[in-house]
There are 2 protein chains.
Amino acid sequence: MLETVDLKRKVDKAAYKEEIEGLKARLGVLQQEVKNAGLPVIILFEGWGAAGKGSVLSDVILSLDPRGFKTYSITEPTQDELRKPLMWRYWTKIPLYGQFSIFDRSWYQEVTNYRIEQKISSKEIKKRLHNINVFERQLVDDGYLILKFFLHVSQKEQKKRFEKLEASLNTAWRVTKKNWEQNKEYDKYLDVYEEALSATHTKQAPWNIIASDDQNSQHLDIYRTIVQSIESALQAKKDGSIRKIGPGSWDGHYPQMLNLELDTFKMKEMPLLADVKLDQSLEQDEYKEELKKARRRLKKLHNELYRAKRPVIIAYEGWDAAGKGGNIKRVASGLDPRGYEVNPIASPTPDELHHQYLWRFWNRLPRTGHIAIFDRTWYGRVMVERLEGFATDEQWQRAYQEMNEFEKELSEWGAIILKFWVHIDKDEQLRRFQDRQNTPEKQWKITDEDWRNREKWDLYEEAVNDMLQKTSTEFAPWYIIQSQDKKYARIQAMNILIEQIEKELDK
Amino acid sequence: MLETVDLKRKVDKAAYKEEIEGLKARLGVLQQEVKNAGLPVIILFEGWGAAGKGSVLSDVILSLDPRGFKTYSITEPTQDELRKPLMWRYWTKIPLYGQFSIFDRSWYQEVTNYRIEQKISSKEIKKRLHNINVFERQLVDDGYLILKFFLHVSQKEQKKRFEKLEASLNTAWRVTKKNWEQNKEYDKYLDVYEEALSATHTKQAPWNIIASDDQNSQHLDIYRTIVQSIESALQAKKDGSIRKIGPGSWDGHYPQMLNLELDTFKMKEMPLLADVKLDQSLEQDEYKEELKKARRRLKKLHNELYRAKRPVIIAYEGWDAAGKGGNIKRVASGLDPRGYEVNPIASPTPDELHHQYLWRFWNRLPRTGHIAIFDRTWYGRVMVERLEGFATDEQWQRAYQEMNEFEKELSEWGAIILKFWVHIDKDEQLRRFQDRQNTPEKQWKITDEDWRNREKWDLYEEAVNDMLQKTSTEFAPWYIIQSQDKKYARIQAMNILIEQIEKELDK
């Protein structure tokens, strides 16, 4: 892709002046429209050393209201960031709907650096580039506009710039040994960039390669692209058409944009809920003993997880009154309180509603060696949001794939993932509801909403069956917990957890 | 305080069993009442090595629903934490209303450790203990219950425990050199603890010193105190009486609890708004030139701030339509985008409403060397919240002191704090409102609420005058920005900022 760019193009000062002021003013106005339309915009600048990433970013934001954007300068990950999945530090930086996130370097930095330093295998590189495509596709599908700029300079121009920087005492420190290495081994770097760009030049988020030897030409190209892309995204939003194709401000001199194929995942076979037997139970004595045993084993395993730096994610879903809370409490009682966290998931807050729906879960991931228990999860998307119309058909149908991709990434990071569907039958739920209604100290546990949900039991059962069939992958399987007898259910969940952790640690 | 505790007390197994189960069950029920009443509870365990802090914490949480508490184990601060004010990592960990935060070691750890290692002067120790008292008092005033436990063991018992731990391969690693040092220099440590405990044994948050040589007695004392304290806090909440005095489960064998005196601060003299002249203006040419000059100086200063690791906090308040946004934009245009952040402050989110009101600002502090610009601030407490009745009289009247204390801590941390009141007169506001109303592309800027606020101009003016008089301290002064002419106001704000930063960096 890079060789198709004409680096010799120049724009003279007069022509530049004439056009640039209009573009900048237009961008200021567009920011307001972006806000009103709730369009989230991500702009990232990648490119050669001394190609002008930082200064073009500083220039662009002068046209913007500082309350409507955040800028991020991506450098080496911190200790905290290294204890999270690779894409975590980018997911947590996506903008609110109607706002801009602007990146000086981005998720492409690590992958190209590592490639050059040969820190990771070419298979690993492929996987990372794939994960980047998934990340960008999920955001674009949710309505984000992603503008990717690669600032391209020639070897000669780069050398000139480094020399100029070095000539002044004030700027000499900015030129590093690595910079010179890049200039000397220009062709090697060119290949690495070319590889990364080609593999991520997708219809969702195509690259804009900007000839940067001439600064006037560079600035004009960038401003034009930003303005045109935002305009067409706003138009598409107005028309109700979903932008499946990126800004496309380029006139076809690039190789074709990639059409991404969706991954398929190996599935674990799951029964239909109607076929699940609920006849298991435990006597109090047996329960007490099993509980004690399971706690002891869990305690030991938690130590081992910590040493192996493996994170664990336990997702709880289940019928109202199925006993999720008590189940979680027993599992938690076997864990070191300094190493786990329970995340109760309620309705999304306004900030959460103004991000792609997985954002709030990315923000709640455990650190390596820690355990995160989710009391209700991202699967709300294909249950309550599906049934109550909070997600459109297109949105919840797409979500199965997105959630599998999400869990796949967590699993590649090293996470042990278990998903529990805490199951009872309809009669048992009625008994428990009535019991709650009739016992003063339990009344707070039952609300009108519970009764309303109960009326939709059959619709929910269909949704749950769909979910179990479509998202029980080998790396993040569902387990149906038989909670007709709560004691049995607790021991069952603890034992599955123990067994899976042991299996994973043995690998 | 420590010598008054009888470490020889023992409780036999039968008496222990009889009482403890009831207390644990009661705690489980109380958690529900705590949730319903929205009572936030902080429990912290401090004490000698091997006194049982970790195991008592693990035991207490077994009685609690994991969705209702978080536990924190406080160790050495991380790199990120070291770039924030001392109390930052504790402020960010206070519980939501109705929830528990439980600490294994706490804000007392650093101060006692440093004291022993003689890392900080005795003056610095005093200041830190004072800041702890302020922190606890602000929370208790807001309705938090703070239960502080100090687990006390004798030198002999501690030695026995260390030896026992060392005897087993599985636990030997838990006994460190520092532990043994503590045992050998028991008396020195005793003095340091005594000093810290005495200085923070306040009416708001008194210490509970727990004799821990006998585990049964220890557990009973802790559970009794927790249960009784929560019960009395719930009762006080029900009665509408504000707990100005802590749990007080102790029968007077401690020295008297401290009555905290409030700090007084050196104030900067401020005019009344009515006396502020608004006759300044700038011609376009002059403005352009001044802007360019100010930007250049700011850019240079931002670099120096970074090297000096000094954070800057700029707080903007002002009349609707006074031009805050445009002013912030010009200031920001002189700054390195990687080193500042603009925080627009809207109505609090549900999570924010369920914490003491300063919590959301503690969460938005810059790192050292960075600049945080607040577009509206914590002063909402004494303006909109006062006038609209979102804060009770008692709450907003107390807030002046709390905000001065907040800023004092930031200033001690090294922050340069500037507060701008962006000022126009009532006629000018009307002109701008009408202009917005009549200009299609500006209409989004004007809402019914703006007109309603305008009707209350005189009440707001009174509130602003109160605020300026009561919170313009030497370490965080207010500046009135004359924004009748926006150009003048921008240059004025930038020049004040430049001048203050230069002054502070020269010190």
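Residues numbered from 1 in each chain as written. Chains lettered and ligands numbered in written order. Predicted model: local features only at pLDDT ≥ 70, side-chain atom pairs only at ≥ 80, totals over all residues. Heavy atoms only, no water.

**Observations regarding the overall build of chain A**
Scanning chain A from terminus to terminus reveals 20 helices and 10 strands. Along the first, second and third principal axes, the C-alpha set of chain A runs to 85 × 50 × 40 Å. Taking all 507 residues of chain A together, the buried fraction comes to 57%. In chain A, once contacts between residues fewer than 6 apart in sequence are set aside, the share between residues at least 24 apart is 83%. The averaged location of the 81 negative side-chain charges in chain A is 4 Å from the averaged location of its 82 positive side-chain charges. (Helix = DSSP H or I, 4+ residues; strand = E, 2+ residues; numbered from the N terminus. Buried < 20%, exposed > 50% of the residue type's maximum accessible area, 1.4 Å probe, protein only. Contact = heavy atoms within 4.5 Å. Lys, Arg positive; Asp, Glu negative; His and termini not counted. Charge placed at Lys NZ, Arg CZ, Asp CG, Glu CD.)

**With respect to the packing of aromatic side chains**
Scanning all chains against the criterion turns up 58 aromatic pairs over all chains. Between the aromatic rings of W378 of chain A and F406 of chain A, the centroid separation amounts to 5.2 Å while the plane-to-plane angle is 90°, which identifies the pairing as edge-to-face. Separated by 28 residues along the polypeptide, W378 of chain A in the loop between β8 (371-375) and α15 (384-387) and F406 of chain A in helix α16 (residues 393-413) bring together distant segments of the chain. The two residues W378 of chain A and F406 of chain A agree in class, both being buried. The residue whose ring lies beneath K268 of chain B is Y479 of chain B, and the NZ or CZ to ring-centre distance is 4.0 Å. Between R381 of chain B and the ring centre of Y357 of chain B, over which it is positioned, the NZ or CZ distance is 4.0 Å. (Phe/Tyr/Trp six-rings, centres within 6.5 Å; stacked < 30°, edge-to-face > 60°. Lys NZ or Arg CZ within 6 Å of the ring centre and 35° of its normal.)

**What to know about the interface of chain B and chain A**
A common way to state how big an interface is: give the accessible area lost once the parts meet. Listed per partner, the contact involves 31 residues of chain B and 31 residues of chain A. For the chain B and chain A pair, buried surface summed over both sides reaches about 2700 Å², with 61% attributable to carbon and sulfur atoms. When residues of chain B are sorted by the area they lose upon contact with chain A, P66, R67 and P337 of chain B head the list and together hold 22% of the total. Viewed at the interface, chain A and chain B are joined by six salt bridges. K70 of chain A is the partner of E341 of chain B in a salt bridge, and the nearest nitrogen-oxygen pair spans 3.9 Å. Those elements giving two or more residues to the side of chain B that touches chain A turn out to be α1 (13-37), α2 (53-61), β2 (69-73), α12 (324-332) and β7 (340-344) of chain B. (Buried area = accessible area lost by both parts, 1.4 Å probe. Salt bridge = Lys/Arg side-chain N within 4 Å of Asp/Glu carboxyl O.)

**So, the sheet that holds strand β1 (residues 41-47) of chain A**
Residue and element names in this part refer to chain A. The strand order across the open sheet formed by five strands is β2-β3-β1-β4-β5, and the pairing between neighbours is parallel. Pairing within the sheet leaves two strands with one partner each, and these edge strands are β2 (69-73) and β5 (207-211). For this sheet the average axis-to-axis angle between neighbouring strands, irrespective of direction, equals 20°. Running at roughly 25° to β1, helix α5 (residues 107-116) makes contact with β1, β3 (100-104), β4 (145-152) and β5 of the sheet. (Pairing = 2+ DSSP bridges. Axes fitted to C-alpha atoms, helices over the stretch in contact; angles between N-to-C directions.)

**Some details on the relation of the copies chain B and chain A**
Once turned by 180° and shifted 0.1 Å along the axis, chain B lies on chain A with an RMSD of 0.0 Å. In symmetry terms, the pair is related by a two-fold rotation axis. Across chain B, the rotation axis passes nearest the C-alpha of T349 of chain B, at a separation of 3.7 Å. Taken as a fraction of all interface residues of chain B, those also at the interface in chain A reach 100%, which identifies the copy contact as same-surface. (Least-squares fit on C-alpha atoms with pLDDT ≥ 70 in both.)

**A look at the side chain of N183 of chain A**
Residues and elements named next belong to chain A. If you trace the backbone, N183 turns up in helix α8 (residues 177-184). Overall, the relative accessible area of 4% leaves N183 in the buried class. Leave out the neighbours within four places in its chain, and N183 touches Q155, Q158, K159 and F162.

**Focus on the packing of α2 of chain B against helix α10 (residues 215-239) of chain B**
In a pair of packed helices, the angle between the axes and the distance between the axes together describe the arrangement. Residue and element names in this part refer to chain B. Interaxial distance between α2 and α10 falls to 11 Å at its minimum, and their mutual angle equals 50°. Taken together, α2 and α10 sit at an angle that is classed as oblique. Read as a crossing pair, α2 and α10 show a hand that is right-handed. Residues V56, D59 and V60 of α2 form the contact with α10, whose own contacting residues are H219, I222, Y223 and I226. (Parallel < 35°, antiparallel > 145°, perpendicular 65-115°, else oblique. Left-handed = near helix turned anticlockwise from the far one by under 90°.)

**Quick look at the pairing of strand β10 (residues 478-482) of chain B**
Residue and element names in this part refer to chain B. With respect to burial, β10 is a largely interior element, five of its five residues being buried. Burial of β10 is two-sided: the residues W478, I480 and Q482 facing one way and the residues Y479 and I481 facing the other way are all buried. The pairing of strand β9 (residues 416-423) with β10 spans five bridges and is parallel. Each residue of the ladder has a partner; that of H423, found in β10, is Q482.

**Details of the side chain of D214 of chain A**
Residue and element names in this part refer to chain A. Relative to the elements of secondary structure, D214 occurs in the loop between β5 and α10 (215-239). Of the side chains with opposite charge, K10 lies nearest to the buried D214, which makes no salt bridge, at 5.3 Å. For D214, the side chain forms a polar contact with the main-chain nitrogen of V11, separated by 3.1 Å. Polar contacts involving the side chain of D214 include one to the main-chain amide nitrogen of S217, which spans 2.9 Å. Once residues within four sequence positions are removed from consideration, D214 is found in contact with R9, K10 and V11. (Polar contact = N/O pair within 3.5 Å; in protein donor to acceptor, adjacent residues only side chain to side chain.)

**Quick word on the pattern of salt bridges**
In the structure shown here, the tally under the stated rule is 88 salt bridges over all chains. A salt bridge links E124 of chain A to R128 of chain A; the nearest nitrogen and oxygen atoms lie 3.3 Å apart. Here R128 of chain A and E124 of chain A lie together in helix α6 (residues 122-141), a separation of four residues that amounts to about one turn. On the basis of relative accessibility, which here comes to 13%, the residue R128 of chain A falls in the buried class. Here K127 of chain B and E124 of chain B are joined by a salt bridge, their closest N and O atoms 3.5 Å apart. Linking K127 of chain B with E124 of chain B, this pair stays in helix α6 (residues 122-141), spanning three residues, or about one helical turn. Within the structure, one salt-bridge network assembled from shared partners comprises R9, E19, D221 and R224 of chain A.

**Some thoughts on the sheet that holds strand β3 (residues 100-104) of chain B**
Residues and elements named next belong to chain B. Spatial strand order, β2-β3-β1-β4-β5: five strands in an open sheet with parallel pairing. Edge strands, defined here as strands with exactly one partner in the open sheet, are β2 and β5 (207-211). This sheet shows a mean twist of 20° between the axes of neighbouring strands, independent of strand direction. In the sheet, β2 pairs with β3 via five bridges, with the strands oriented parallel. Residue pairing for β3: K70 is matched across the bridge by S101. Along the sheet face, helix α9 (residues 186-199) touches β1 (41-47), β4 (145-152) and β5 and points at about 165° away from the line of β4. Together, β1, β3, β4 and β5 form the strand contacts of α10, whose direction differs from that of β4 by roughly 165°.

**Some words on the confidence of the model for chain A**
The predicted coordinates ought not to be read in detail in places where the model reports low pLDDT. Per-residue pLDDT for chain A averages 93, and the proportion of residues at 70 or more is 97%. Low pLDDT (under 50) marks residues 244-253 of chain A, which in the prediction has 24 contacts with non-local residues, meaning those over four places away or in another chain. (pLDDT = per-residue confidence, 0-100.)

**What to know about helix α11 (residues 284-308) of chain B**
The periodicity of an α-helix, 3.6 residues per turn, causes residues three or four positions apart to be oriented the same way. Residue and element names in this part refer to chain B. Here α11 contains 25 residues, and its C-alpha end-to-end distance of 35 Å stays within 8% of the 36 Å for a straight helix at 1.5 Å per residue. All of the buried residues along α11 are Y287, L291, A294, L298, L301, H302 and L305. Here the buried face of α11 lies against β6 (312-318), α12, β7, β8 (371-375), β9 and α20 (486-506). (Expected span 1.5 Å × (residues − 1).)

**What to know about the pairing of β5 of chain A**
Residue and element names in this part refer to chain A. Taking burial as the measure, the five residues of β5 include five buried ones, the bulk of the element. Summarising the sheet, β4 and β5 pair through five bridges and their orientation is parallel. Note on β5: the bridge partner recorded for H152 is A211.

**Brief notes about unusual backbone geometry**
Phi is positive for Q118 of chain A, which is not a glycine, with a value near 50°. For Q118 of chain A, the position within the fold is in the loop between α5 and α6.

**Points about a negative patch on the surface**
Residue and element names in this part refer to chain A. There is a patch of like negative charges on the surface, built from E283, D285, E286 and E289. For E286, the position within the fold is in helix α11 (residues 284-308). On the accessibility criterion, E286 (41% relative accessible area) is partly exposed. (Patch = residues over 30% accessible without salt bridge, like charges linked within 9 Å, V, L, I, M, F, W, Y side chains within 5 Å. Areas by Shrake-Rupley, 256 points an atom, 1.4 Å probe, with all protein chains shown as cover.)

**Focus on the environment of I328 of chain B**
Take I328 of chain B: it is sitting in helix α12. Judged by its relative accessible area of 1%, I328 of chain B falls in the buried class. I328 of chain B sits 165 residues away from A493 of chain B along the chain, and the two C-alpha atoms are 9.0 Å apart. Residue contacts for I328 of chain B: discarding those within four places in its chain leaves P66 of chain A together with Y316, V342, I373 and D375 of chain B.

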